[in-house]
Amino acid sequence: MIRYHAAWVLPIAEPAIRNGWIAVDRGRIAAYGSPGPAGPRGSADGAQEVDLGDVVVLPGLCNAHTHLELSYLRDEVPPASQFVTWIRGVMAARRSRPDPSGPEILEAIEDALEESAACGTAIVGDISNTLVSFEPLTRSPLAAVVFYELIRFNAPDPNAVVDQAQQQIDALAPTARVRASLAAHAPYSVAPLVLRAIRQAIDRRPFLPCSVHLSESAEEVEFIRSGGGPWRVLLEEIGSWDPRWVPPGGSPVDFLADSGFLDNRVLAVHGVQMTDADLQKLAARGATLVTCPRSNGHTGAGAPPIADFYASGVRVAIGTDSLASAPDLNVFAEMATMRALAPRVPAASLLESATIEGARALGFDADYGTIEPGKVARLLAVTLPSSNIDVEEYLVGGIEPEQITWIEDN
Ligand SMILES: [Zn+2]
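Residues numbered from 1 in each chain as written. Predicted model: local features only at pLDDT ≥ 70, side-chain atom pairs only at ≥ 80, totals over all residues. Heavy atoms only, no water.

A. Region of the structure containing the overall build of the protein chain. Along the backbone of the protein chain there are 14 helices and 15 strands. Its C-alpha radius of gyration of 22 Å places the protein chain within 12% of the 22 Å reference for a compact globule of 410 residues. For the protein chain, the computed accessible surface area is about 15,900 Å², with 51% contributed by carbon and sulfur atoms. Of the side-chain charges in the protein chain, 31 are positive and 51 negative, and the distance between the mean point of each set is 5 Å. (Helix = DSSP H or I, 4+ residues; strand = E, 2+ residues; numbered from the N terminus. Rg over C-alpha atoms; globule rule 2.2 N^0.38 Å. Areas by Shrake-Rupley, 256 points an atom, 1.4 Å probe, with all protein chains shown as cover. Lys, Arg positive; Asp, Glu negative; His and termini not counted. Charge placed at Lys NZ, Arg CZ, Asp CG, Glu CD.)

B. The coordination of the zinc ion, seen in detail. For the zinc ion, the protein coordination sphere consists of His 65 (NE2), His 67 (NE2), His 213 (NE2) and Asp 321 (OD), at 2.0 to 2.7 Å. Of note, the zinc ion draws all its donor residues from one chain, in the sequence arrangement H-x1-H-x145-H-x107-D. Separated by 146 residues along the polypeptide, His 67 in the loop between β6 (61-66) and α1 (83-95) and His 213 in strand β10 (residues 210-214) bring together distant segments of the chain. (Donors = N, O, S within 2.8 Å, 3.2 Å for Na, K, Ca; no water.)

C. Structural view of the pattern of salt bridges. Using the criterion set out here, one finds 22 salt bridges in the structure. We note a salt bridge from Asp 203 to Arg 265, for which the minimum N-O separation is 3.9 Å. Pair noted here: Asp 203 is in helix α5 (residues 192-203) and Arg 265 is in the loop between α8 (252-258) and β11 (266-270), with a separation of 62 residues, a long-range link. Given a relative accessible area of 15%, Arg 265 falls into the buried group. A single salt-bridge network, built from bridges that share partners, covers Arg 199, Asp 203, Asp 263 and Arg 265. (Salt bridge = Lys/Arg side-chain N within 4 Å of Asp/Glu carboxyl O. Buried < 20%, exposed > 50% of the residue type's maximum accessible area, 1.4 Å probe, protein only.)

D. Quick peek at the sheet that holds β11. Strand order in the open sheet made by the eight strands is β6-β7-β8-β9-β10-β11-β12-β13, with parallel pairing throughout. The sheet is open, and its two edges are formed by β6 and β13 (315-318), each paired on a single side. Neighbour-to-neighbour, the strand axes of the sheet open up by a mean angle of 25°, direction not taken into account. Direction of pairing for strand β9 (residues 178-184) relative to β10: parallel, over a ladder of two bridges. Bridging across to β10, Ala 184 finds its partner in Val 212. (Pairing = 2+ DSSP bridges. Axes fitted to C-alpha atoms, helices over the stretch in contact; angles between N-to-C directions.)

E. Expanded view of helix α4 (residues 158-170). With 13 residues, α4 should cover 18 Å at 1.5 Å per step; its first-to-last C-alpha distance of 19 Å lies within 8% of that length. Within α4, the full set of buried residues consists of Pro 158, Val 161, Val 162, Ala 165, Gln 166 and Ile 169. Projected onto a plane normal to the axis of α4, the buried residues spread over an arc of 125° and lie on a single side. For α4, the elements touching its buried residues are β8 (143-150), β9 and α5. (Expected span 1.5 Å × (residues − 1). Arc of directions from axis to C-beta. Contact = heavy atoms within 4.5 Å.)

F. Structural detail: the environment of Thr 66. Here Thr 66 shows up in strand β6. Separated by 260 residues in sequence, Thr 66 and Ala 326 place their C-alpha atoms 9.7 Å apart. Those residues in contact with Thr 66 that lie beyond four places of it in its chain are Val 124, Gly 125, Asp 126, Ile 127, Thr 320, Asp 321, Ser 322 and Leu 329.

Any link to function would need more than the numbers given here.
Shown next, in the form of structure tokens:
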């Protein structure tokens, strides 16, 4: 057993502890606390005592939404003022490299995994259209759900599309830390019957989450309401338009709620365009909203209403989105952007979103997300400029990889 002492311990499930300690036994948290009058030091349990100094120890973070397979597009897709313009940029960049498992793509995934760990991430929700990230993840220290994402607006046989995807998932060998599930890309890019088939497939796997990009852009809202706008133009242009499709009207959240798609196993990603009524609906169904504010700024989706998210009572998790739309995979940097957009949301709420909320949404909360006895000791030590600070506020101000070490590396 090793007992780590630090200027601060942030269990997440309770406020930060000054001069705290954590006992780790065979990779699991055995106990934690404040020193008390005599302190645990020198007690008779034979534990090795390690003083980490002026650091705060907290659980490894959860990046609840990223696309590791797009890591090779870092700095390749210029920022746009309109979302559909940005999508066109991604499509052009992907077309220029037709082999989805080419060496450049695999190398970029390996680099992205290293970068994620260096930024303090313990868990990822990874979106993949090819499943190429699954095997590298199983070799990494990260826990993950790989979402096999389907994009199919015009699908003559929706059940066959989903059955085939499910067979590919079933052929993978999940590990204790890495699992695969299904995701729908978005309500504007997946046919209603494919959405239904995905939902049915998810219902047959009761412990796995599902993901969907939802209410990301104004173009999506317009398309679902009226069937028109720049998204319709793009679908026609690429030959994916289905003339039998009838616009559902209402909001994208209304559409997915009415389709029976939204429940507490769904990660609804972005929500930039959600109204208060949408957020209430999402909260009532227990879905988790995953916000990726830096990506939203880059893609032209706009600034997410962070304060409204928290005021609505919906569960909020945090993602970086892919390196095609974010400068790095640092969840601390997303928190800093959220802090700038919503100065009144408590720092503790942002930190819960970056840890336990993401872990819960992905089904890893029994092992990750808080410092509690029995959980995995996948814990970060972040160096502090002084021990005499508001440590939660400091953490949401932006932390660089140079400040981060994993405590088992000490
Ligand atoms: Zn995404």
